[in-house]
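Residue strings, one per chain:
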Amino acid sequence: MKKDINVNVHHLTRVEGHGNIVVNIRNGNIEKCEWQVPEAPRFFEAMVRERHYSEVQRITSRICGICSIGHTLAAVKAIEDALSIQVTPQTNKLRRILKHAENFDSHVLHIGVLVAPDLLGAPSVFPLVATHAEVVKLVLRLKRLGHEWGSLLAGRTTHPTTCVPGGFTKIPTKNELLGLKEKIIANVDGINALVETVLSLAGKIPDFNRPTEYMAVSNNMEYGMYLGPTVQTIMPDGTKQMYDAHDYRKITNEYVNPRSTAKYCKNKLDSYAAGALARFNNNYDKLYPQAKKIAQALGMKPVCGNPFLNSAAQLVECAHSVYETLDLIEELLVDGIKDEPLVPPKKFGQGAAAVEVPRGILFHEYSFDKEGFCTAGNCIIPTGQNHANIQKDFEALVPILIQQDKNEQEMELALSMLVRAYDPCISCSTHYLKVKFVK
Amino acid sequence: MNYIMGVGNYSMFDDSIGIKIIEEIIDRNLDQGFSAIDLSGNLLNIFSYLNEDTKRIVIIDSGEFDLRPGEFIWFTPDLVVSTKELTNITSHEGDIIKVLKLALETGYHLPPIEIMGIQPESIKSEFGLSKTLQSNMERYIQEAIVKVLDE
């Protein structure tokens, strides 16, 4: 039957603008099908100008309340690149543990608080307390682990204080690392329980496939998260290509789209995807066996082209983060964790870096004058890189939904789930209270 | 342990008041007998502090209270219901009232919690604070400290 359908998801509840979903179908024909981003520019690149290199990561960490560790790490890596600072192996290990903490924390939040309600048929996590209390408790328990894991390394998970150019201002003690190890081990059963929960709901994840290009940090030392200056893309046919992160402008190719205040990106195709699924597709071989086992149970293998499975890839990464962190802690304990002075700059110039944050590959670039003050900055965040891909997914998915004779409500849910699967971070909204006194 | 926690978004002008108060407390070493915690927008992190050994929590947040800009009101979570609608699209939105309700419903230990709700002058995408809120900073800090140390 040829229907008229109007989907208008506008996030009017926010003080700041966010993403809108607008689909207009007349007599079965698509008149409009848009992912719109009306977010106001935030000018962080301008804010870091004329600031000393030691301040830059503290400013850019404020770009995001969830990915502030990632923004800190991308900034310190880019600053260190510009200042010819080679950090110690201990610093790299601590930073990798910190990166895992952020990804674990954010992924648990996304899977448990945002995706689970869709799969369990609830409008948000709050009603789930009545129907699926054990799932909610499990998610909160794992979220708490992620927070404490990151806080130990970074001083605090939101806007870290200890991770600075040249190293750390404070490192955990041997006993604190042992304590973290015990906490993580004590929560392995929780990870397994979360996997079981998702597996039991996997049939509700939409079956949709749209081949695209996937971009992620990649190197031969780890499942690309933090190390290395290299970026990889994988095409739908499995063809891979490596790039130097310093050439990030040539692979992100930012451009302006009239439906968005955020810039769009593309590389070889009209769009590419960043995020857990992009990492999974690019770096599957370097996943820990326990993580691969979860992927296999979920029926996932590279190259996976279902964007709804980005959340499933996040779950796979949670397991990877747990087991790699346990190994990194063990290495630090064997080597003997020790205070190290910050490595000083050797020069002041220009540098760039790529780091994976929960939502995908993040690029930072800075230039400094001879006194160490920033003269230019550039940050390309993963959600910005995903906007074009979300739009292309919309264009492929809506005709399928029409063919499946979905009604307005079902179409809105499917498109919302699709956007949600990307775990977007359009900008940190305000957390303004809105209450009514009842007593 | 007692805690003062700041909630808000650092880059949304007066919405950052809770975080700015925490910064000021730490910078001036006023956190004696309690810890000052920057929750920012990561509201679920409060669960790490909902332990038996937590005696009292003071939360500072901006909000719409029908007051003059800069004025504030003390209330406990049980006195209000949230009317804020969450989009459930991104993990970047939060509501401390709903989070505390979630904690209660999932069996977490809730110590006495007092919320200082500050009426902003302006919420916009900009760093800083309005002169109105900035000029009240000392009063906010002193009131919060008295409240958190109140036996």
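Per-chain numbering applies: the sequence of each chain, read as written, is numbered from 1 onward. All chains are assigned letters beginning with A, and all ligands numbers beginning with 1, in the order in which they are written. Whole-chain, interface and lining totals are the exception, using all residues; otherwise, since this is a predicted model, local features are given only for residues with pLDDT of at least 70 and side-chain atom pairs are given and counted only at 80 or more. Note that the side-chain values use all heavy atoms of the structure and ignore hydrogens as well as water.

As a further point, take the overall build of chain B. Going along the chain from the N terminus, every DSSP run of H or I of four or more residues is numbered as a helix, and every run of E of two or more is numbered as a strand. When helices and strands are tallied, chain B shows 4 helices and 6 strands. To get the radius of gyration, use the C-alpha atoms; to get the globule rule, take the number of residues to the power 0.38 and multiply by 2.2 Å. Taken over C-alpha atoms, the radius of gyration comes to 15 Å for chain B, in line with the 15 Å a tight globule of 151 residues would show. Projected onto its principal axes, the C-alpha coordinates of chain B cover approximately 40 × 40 × 25 Å. Burial analysis of chain B (151 residues in total) assigns 62% to the buried set. Counting only contacts in chain B whose residues sit at least 6 apart along the sequence, the fraction spanning at least 24 positions is 77%. Per-residue accessibility takes into account occlusion by the displayed protein chains alone, with areas from the Shrake-Rupley method and a 1.4 Å probe. Surface exposure of chain B reaches about 5,700 Å², of which carbon and sulfur atoms provide 48%. In chain B, 12 side chains carry a positive charge and 25 a negative one; their mean positions are 3 Å apart. For each residue, the accessible area found with a 1.4 Å probe, counting protein chains only, is set against the maximum for its type, and the residue is called buried under 20%, exposed over 50%, and partly exposed in between. Contact definition: two residues touch when any of their heavy atoms are within 4.5 Å. Charge counting follows a simple rule: Lys and Arg are positive, Asp and Glu are negative, and His as well as the terminal groups are ignored. By convention, charge coordinates are those of NZ in Lys, CZ in Arg, CG in Asp, or CD in Glu.

Turning our eyes to something else, we now look at the layout of surface pockets. Only protein atoms enter the calculation, which uses a 1 Å grid: trapped sets of points that fit a 1.4 Å probe without letting it out are cavities, open sets showing protein on both sides within 12 Å along at least five of seven lines are pockets, and any residue with an atom within 4 Å of a point is a lining residue. Grid points are joined across faces, edges and corners, and a volume is the space filled by probe spheres set on the points. If you add up the space inside the largest pocket, you get close to 820 Å³. In terms of lining residues, the largest pocket is bounded by 26 residues, among which Arg 58, Arg 62, Arg 156 and Thr 161 of chain A together with Glu 23 of chain B are the most central. Looking at the lining of the largest pocket, the elements with two or more residues in it are helix 2 (53-60) and helix 6 (133-154) of chain A together with helix 1 (17-27) and strand 2 (35-40) of chain B. In the scheme used here, Gly and all other residues not listed as nonpolar or charged are polar, with Ala, Val, Leu, Ile, Met, Phe, Trp, Tyr, Cys and Pro taken as nonpolar and Asp, Glu, Lys and Arg as charged. Of the residues in the lining of the largest pocket, the class split is 11 nonpolar, 7 polar and 8 charged.

In this section: the confidence of the model for chain B. All names here are of chain B. Per-chain confidence: chain B averages 89 in pLDDT, with 91% of residues scoring 70 or above. The pLDDT value expresses, per residue, how confident the predictor is, ranging between 0 and 100. Within chain B, no element has a lower average pLDDT than strand 5 (residues 80-82), which sits at 70, and none a higher one than helix 3 (residues 131-135), at 98. Among the prediction metrics, the complex's ipTM stands at 0.79, with pTM recorded as 0.90.

Turning our eyes to something else, we now look at the packing of helix 11 (residues 289-297) of chain A against helix 12 (residues 310-335) of chain A. All names here are of chain A. At a closest axis distance of 8 Å, the pairing of helix 11 and helix 12 adopts a crossing angle of 165 degrees. When the interaxial angle is binned, helix 11 and helix 12 end up roughly antiparallel. Viewed along their axes, helix 11 and helix 12 form a crossing whose handedness is right-handed. Here Gln 290, Ala 291, Ile 294 and Ala 295 of helix 11 come into contact with helix 12, specifically with Val 316, Ala 319, His 320 and Tyr 323. Residues of the contact of helix 11 with helix 12, tallied by class, amount to 6 nonpolar, 2 polar and no charged. Lines are fitted to the C-alpha atoms to define the axes, a helix being fitted only along its stretch in contact, and any angle between axes, read from their N-to-C directions, falls within 0 to 180 degrees. Roughly parallel here means an angle under 35 degrees, roughly antiparallel means over 145, roughly perpendicular means 65 to 115, and every remaining angle is called oblique. Crossings are assigned a handedness: left-handed for a near helix turned anticlockwise from the far helix by less than a right angle, right-handed for a clockwise turn.

On to empty space enclosed by the protein, then. Residues and elements named next belong to chain A. Counted by the stated rule, this structure contains 8 cavities of 30 Å³ or more. Taken together, 20 residues line the second largest cavity, and the ones lying closest to its centre are Val 115, Ala 116, Leu 119, Ile 205 and Ser 311. When contributions to the lining of the second largest cavity are tallied by element, the ones reaching two or more residues are helix 4 (89-119), helix 6, helix 8 (188-201), helix 12 and helix 14 (408-421). Element by element, the count of residues in the lining of the second largest cavity is highest for helix 4, at 6 residues. Here the residues of the lining of the second largest cavity are counted per class, giving 15 nonpolar, 3 polar and 2 charged.

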